[in-house]
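Take a look at the letters that make up each chain.
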There are 2 protein chains.
Amino acid sequence: MAQRRSATIKDVAAAAGVGIATVSRVFSGGSVSAATRERVLAAARELDYRPSALGRGLKLRRSGGIGLIVPDVTDPFRAELVAGVLACARSLGEHVIVDAAHGDPAREAEIVERLVEQRVDGIIAVPAGELADWRGAARVCSSVVFADRVLPGLPEIPAVLPDDAGGVRSLTEYLAGLGHRRIGFLGGVPGTPAGVRERAFRDTLAQLGVPVEEDLVVAARPARDAAYAAAAGLLQRRADVTAILAAGHLLGEAAVLVARELDLRIPADVSVAMMDDVAWAELCDPPLTAVARSGHDIGYRACELLLREPARRGRGGPVLLPTELVVRGSCGPLRPPRR
Amino acid sequence: MAQRRSATIKDVAAAAGVGIATVSRVFSGGSVSAATRERVLAAARELDYRPSALGRGLKLRRSGGIGLIVPDVTDPFRAELVAGVLACARSLGEHVIVDAAHGDPAREAEIVERLVEQRVDGIIAVPAGELADWRGAARVCSSVVFADRVLPGLPEIPAVLPDDAGGVRSLTEYLAGLGHRRIGFLGGVPGTPAGVRERAFRDTLAQLGVPVEEDLVVAARPARDAAYAAAAGLLQRRADVTAILAAGHLLGEAAVLVARELDLRIPADVSVAMMDDVAWAELCDPPLTAVARSGHDIGYRACELLLREPARRGRGGPVLLPTELVVRGSCGPLRPPRR
DNA sequence: AAACATCATGGAATCGTTTCCATGGGAGCG
DNA sequence: CGCTCCCATGGAAACGATTCCATGATGTTT
């Protein structure tokens with residue numbers, strides 16, 4: 001029972017008195033007579049045999065797994081995305097190799113390299129940069145699907161994205177509808193994909209006839225300290241802003257903390273709304289108005305695109321998933337300015 | 001350049017005019033003369049060759065990856081744990097196959113089966129139940145380390161655990177020190193590993209000479225709705241509780257929401273403290289006092305135990321990692337009872 | 001200068017599967 | 001009864017790497 005090395009298909013064949021081809025058929029669904037099948041299964045059970053995915057993978061030239069690269073698994077939105085990929089992959093019988101690139105293109109390139117060596121059946125990535133050999137990976141052994149983000153230099157890679165622009169637009173319109181005119185925008189650094197959101201903000205304001213004050217649009221790296229600094233800078237510099245639109249949950253968090261620090265009441269003194277409806281938005285006091293994009297759906301959809309719709313991939317541009325405005329209590333109508 | 005099938009070691013050998021053994025040595029660190037090595041690398045680059053982990057794995061009988069099973073990757077604490085495992089695995093050159101069992105032992109058993117077939121070098125699990133063949137997995141191809149939780153029936157499996165008992169003790173002592181005597185305990189269902197926390201709560205109270213009222217100890221399944229129901233039940237049934245100790249972040253969240261619903265001010269009407277220092281604890285108003293256990297450390301340590309200290313595994317019982325009481329503003333001194 | 005140790009190198013076996021192809025027997029049909 | 005057809009089955013050749021072992025060419029020692 002406790003054999004030195006785990007049983008192989010050969011051992012099972014010998015024990016059942018059949019050829020290895022027959023054992024293989026039993027386990028991978030070939031046609032085998034009922035009696036033989038039973039004998040083989042009994043022998044396999046007896047020997048505690050598990051087919052080796054390595055042997056099979058070598059022969060089949062695929063590992064039966066996919067790779068998933070995210071910036072950070074602890075970000076609640078990314079965690080949801082991971083969960084979505086996991087759910088879809090499981091339903092399709094594939095396993096998932098997950099790794100975090102932490103926003104570092106070099107690290108990401110290493111991960112891609114490794115996944116290609118593993119001969120994964122495909123890669124889903126929230127890409128950090130163009131350093132990795134995305135084209136090579138897509139060509140050599142597997143296909144690539146981007147999720148949540150795209151890379152400007154690689155338009156041919158299929159992608160599944162949240163409708164960020166639509167989300168920002170609805171937030172902006174909502175705030176403007178409440179009467180706000182001096183709306184602070186906390187966004188990401190210009191070079192990054194965050195540009196979509198800032199653009200949507202500007203466009204919507206322009207469309208509503210509200211002038212954009214450059215001074216009210218600030219950018220921060222995606223990190224807690226940077227977000228906090230940006231929010232503090234904005235709120236201290238411009239005591240006359242009446243609303244803050246945070247382009248991400250880290251920025252929203254920063255806005256809330258800074259407001260509390262400065263003794264500004266939400267929404268009496270300043271309204272706050274953000275992108276990303278993470279769990280704490282509801283726990284905040286007051287609960288935060290936010291735009292929800294479903295990380296789960298994005299991950300699930302990306303995985304489907306990768307594994308079950310090879311034909312549709314990349315046709316008709318990226319798949320856009322809808323966002324939803326969740327109104328809570330953090331935004332109020334315009335009041336006379338403070339001070 | 002865009003060959004039909006990706007280049008193999010044979011192609012590289014032929015292109016470089018050497019034997020395949022030499023190519024193998026170049027890539028896996030054997031001794032090769034500098035000139036030959038250069039020729040081989042040039043040929044490999046030319047052919048865009050990547051060694052196949054499948055071929056290597058078959059020969060070496062190991063895949064170079066480990067498996068990680070958690071109940072749910074979207075739980076912030078579990079996400080941190082995943083990040084810790086990822087960090088350690090990366091530093092040791094292994095990849096990680098992640099899957100979520102969602103608390104279902106049957107699903108977990110399937111995942112274990114799959115990982116064994118993949119011939120992973122080891123499995124780290126936050127186990128859901130004893131249905132999976134943990135012993136078999138540990139024996140056949142890989143070793144198993146439990147993280148964050150253990151299974152009573154499997155004491156021989158090594159484990160890395162937070163010092164839950166210590167954490168609950170410090171919370172209980174803290175609340176009692178503020179004068180609280182009627183402390184409500186929101187815990188997990190009895191059968192589960194959550195028992196450790198309840199036991200620590202009871203023991204600490206006994207030690208402090210405070211009688212335990214059974215009516216104040218309630219249990220909930222680890223889900224939002226169940227947690228909310230438990231918290232609501234407790235606070236409505238016993239309007240005289242002056243403090244709540246939530247044994248997990250979901251329960252803490254429920255306590256905060258229910259208190260808000262019932263118009264109880266924190267900490268004026270009721271003090272709230274919880275296990276798990278998740279991100280929103282700081283964003284809450286008032287910020288929540290909590291006990292921090294580092295998911296990252298638990299994951300990292302479990303991975304180290306699995307991969308680099310096979311000798312120390314399982315000796316001297318589970319590894320206990322310290323917890324830390326983070327005092328914020330959600331607990332106040334005892335006041336005259338409400339009503 | 002002979003014997004020997006050292007080193008780079010290639011050949012070949014091996015890891016555990018899948019799958020093509022050949023074989024043999026039984027059933028169906030004329 | 002003989003022929004064909006089909007189906008279950010086994011043998012053997014991949015798949016792409018590692019590694020033991022043998023070989024020849026060096027360099028070292030007495």
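Okay, so let's go over this structure.

## Some words on the overall build of chain A
Here is step 1: Scanning chain A from N- to C-terminus turns up 13 helices and 12 strands.
Here is step 2: By the compact-globule yardstick of 20 Å for 339 residues, chain A is too spread out, its C-alpha radius of gyration being 26 Å.
Here is step 3: Expressed as a percentage of the 339 residues in chain A, the buried residues total 49%.
Here is step 4: A separation of at least 24 residues holds for 68% of the contacts in chain A among residues at least 6 apart in sequence.

## Here's the deal with helix α10 (residues 224–237) of chain A
Residue and element names in this part refer to chain A.
Here is step 1: With 14 residues, α10 should cover 20 Å at 1.5 Å per step; its first-to-last C-alpha distance of 20 Å lies within 8% of that length.
Here is step 2: Within α10, burial applies to Ala227, Ala230, Ala231, Leu234 and Leu235. Each buried residue of α10 lies within a common arc of 120° when the element is viewed along its axis, so the set occupies one face. Of the exposed residues in α10, the ones pointing more than 90 degrees away from its buried face are Asp225 and Gln236.
Here is step 3: Structurally, α10 contributes buried residues whose contacts are with β6 (183–188), β7 (217–220) and α11 (249–261).

## Comments concerning the sheet that holds strand β7 (residues 217–220) of chain B
Residue and element names in this part refer to chain B.
Here is step 1: The strand order across the open sheet formed by 6 strands is β7-β6-β8-β9-β10-β12, and the pairing between neighbours is mixed. Sheet topology places β7 and β12 (324–326) at the edges, where each strand pairs with a single neighbour. With direction set aside, neighbouring strand axes in the sheet form an average angle of 20°.
Here is step 2: Relative to strand β9 (residues 271–275), strand β8 (residues 243–246) is paired through 4 bridges, and the arrangement is parallel. Bridge pairing in β9 links leucine 245 to alanine 273.

## Things to note about the pairing of strand β10 (residues 289–292) of chain B
All names here are of chain B.
Here is step 1: Where β9 lies against β10, 3 bridges are found, and the strand directions are parallel. Residue pairing for β10: methionine 275 is matched across the bridge by valine 291.
Here is step 2: Both β10 and β12 contribute to a ladder of 3 bridges, which runs antiparallel. Across the sheet, the residue bridging to valine 291 is leucine 325, located in β12.

## Digging into the sheet that holds strand β9 (residues 271–275) of chain A
Residues and elements named next belong to chain A.
Here is step 1: On the basis of which strands lie adjacent, the open sheet formed by 6 strands has the order β7-β6-β8-β9-β10-β12 and mixed pairing. Two strands in the sheet have a free side with no partner beyond their single neighbour: β7 and β12 (324–326). Pairwise comparison of adjacent strand axes, ignoring direction, gives a mean angle of 20° for this sheet.
Here is step 2: Sitting on the sheet, helix α8 (residues 164–177) is in contact with β6, β8 (243–246), β9, β10 (289–292) and β12, with an inclination near 170° to β9.
Here is step 3: Sitting on the sheet, α10 touches β6 and β7, and the angle it makes with β7 is about 160°.

## Here we look at the interface of chain A and chain B
Here is step 1: Tallying the contact residues gives 43 residues for chain A and 43 residues for chain B.
Here is step 2: Contributions of two or more residues to the side of chain A that touches chain B are made by α4 (53–60), α5 (76–91), β2 (95–100), α6 (105–117), α7 (134–140), α11 and α12 (280–283) of chain A.
Here is step 3: Considered class by class, the residues forming the side of chain A that touches chain B number 23 nonpolar, 10 polar and 10 charged.

## So, the protein's contact with DNA strand C
Here is step 1: Within the structure, DNA strand C sits among 29 residues, and A:Ile9, A:Ser24, A:Gly55, B:Gly19 and B:Thr36 are positioned closest to it.
Here is step 2: Those elements that place two or more of their residues in the surface near DNA strand C are α1 (9–16), α2 (20–28) and α4 of chain A together with α2 (20–28) and α4 (53–60) of chain B.
Here is step 3: Considering every element that reaches the surface near DNA strand C, the biggest residue donor is α2(A), with 6 residues.
Here is step 4: For the surface near DNA strand C, the per-class residue count stands at 12 nonpolar, 10 polar and 7 charged.

## Overview of the protein's contact with DNA strand D
Here is step 1: Near DNA strand D lie 28 residues; those nearest to it are A:Val18, A:Gly19, B:Ile9, B:Ser24 and B:Gly55.
Here is step 2: Contributing elements (two or more residues each) for the surface near DNA strand D: α2 and α4 of chain A together with α2 and α4 of chain B.
Here is step 3: Of all the elements, α2(B) adds the most residues to the surface near DNA strand D, at 6 residues.
Here is step 4: Of the residues in the surface near DNA strand D, the class split is 12 nonpolar, 10 polar and 6 charged.

## Notes on the environment of A:Arg90
All names here are of chain A.
Here is step 1: Topologically, arginine 90 is positioned in helix α5.
Here is step 2: With 18 C-beta atoms packed within 10 Å, arginine 90 lands in the partly exposed category.
Here is step 3: Separated by 234 residues in the primary sequence, arginine 90 and glutamate 324 have C-alpha atoms spaced 27 Å apart.

## Quick look at the nonpolar core
Here is step 1: Counting 192 residues, the largest nonpolar core has A:Val85 and B:Val85 as the members making the most contacts within it.
Here is step 2: Beyond its immediate sequence surroundings of up to four residues, A:Val85 is in contact with A:Leu68, A:Val96, A:Ile124, A:Gly299, A:Tyr300, A:Ala302 and A:Cys303.

## Here's the deal with helix α3 (residues 34–47) of chain B
Residue and element names in this part refer to chain B.
Here is step 1: If you check α3, its first and last C-alpha atoms are 20 Å apart, about what 14 residues at 1.5 Å a residue would give, namely 20 Å.
Here is step 2: What α3 keeps buried is the set Val40, Ala43 and Ala44. Looking down the long axis of α3, one finds its buried residues gathered within 100° of arc, a one-sided arrangement. Pointing more than 90 degrees away from the buried face of α3 are the exposed residues Ala34, Ala35 and Arg45.
Here is step 3: Residues of α3 that are buried make contact with α1 (9–16) and α2.
Here is step 4: Phi turns positive, to about 60°, at aspartate 48, one or two residues after α3.

## Examining the pairing of strand β4 (residues 143–147) of chain A
All names here are of chain A.
Here is step 1: The buried fraction of β4 is high, at 5 of 5 residues.
Here is step 2: Residues of β4 alternate between two faces, with Ser143, Val145 and Ala147 on one and Val144 and Phe146 on the opposite face, all of them buried.
Here is step 3: Where strand β3 (residues 122–125) and β4 come together, 4 bridges link them in parallel fashion. From the neighbouring strand, alanine 125 faces β4, where its bridge partner is phenylalanine 146.
Here is step 4: Where β4 and strand β5 (residues 159–162) come together, 2 bridges link them in parallel fashion. If you follow phenylalanine 146 over to β5, its bridge partner there is alanine 159.

## Regarding the packing of α1(B) against α3(B)
Residues and elements named next belong to chain B.
Here is step 1: Two elements in contact, α1 and α3, have axes separated by 9 Å at closest approach and are oriented at 120°. The pairing of α1 with α3 is recorded here as oblique in orientation. Crossing angle aside, the handedness with which α1 passes α3 is right-handed. Note on element contacts: α3 touches α1 through Arg39, Val40, Ala43, Ala44, Glu46 and Leu47, opposite Asp11, Val12, Ala15 and Ala16.
Here is step 2: Its residues placed into classes, the contact of α1 with α3 shows 7 nonpolar, no polar and 3 charged.

Basis of the calculations
Residues numbered from 1 in each chain as written. Chains lettered and ligands numbered in written order. Predicted model: local features only at pLDDT ≥ 70, side-chain atom pairs only at ≥ 80, totals over all residues. Helix = DSSP H or I, 4+ residues; strand = E, 2+ residues; numbered from the N terminus. Rg over C-alpha atoms; globule rule 2.2 N^0.38 Å. Buried ≥ 20, exposed ≤ 12 C-beta atoms within 10 Å, placed from the backbone. Contact = placed C-beta atoms within 7 Å. Expected span 1.5 Å × (residues − 1). Arc of directions from axis to C-beta. Pairing = 2+ DSSP bridges. Axes fitted to C-alpha atoms, helices over the stretch in contact; angles between N-to-C directions. Nonpolar A, V, L, I, M, F, W, Y, C, P; charged D, E, K, R; others polar. Near = placed C-beta within 6 Å. Core = buried A, V, L, I, M, F, W, Y, C linked by C-beta atoms within 7 Å. Parallel < 35°, antiparallel > 145°, perpendicular 65-115°, else oblique. Left-handed = near helix turned anticlockwise from the far one by under 90°.

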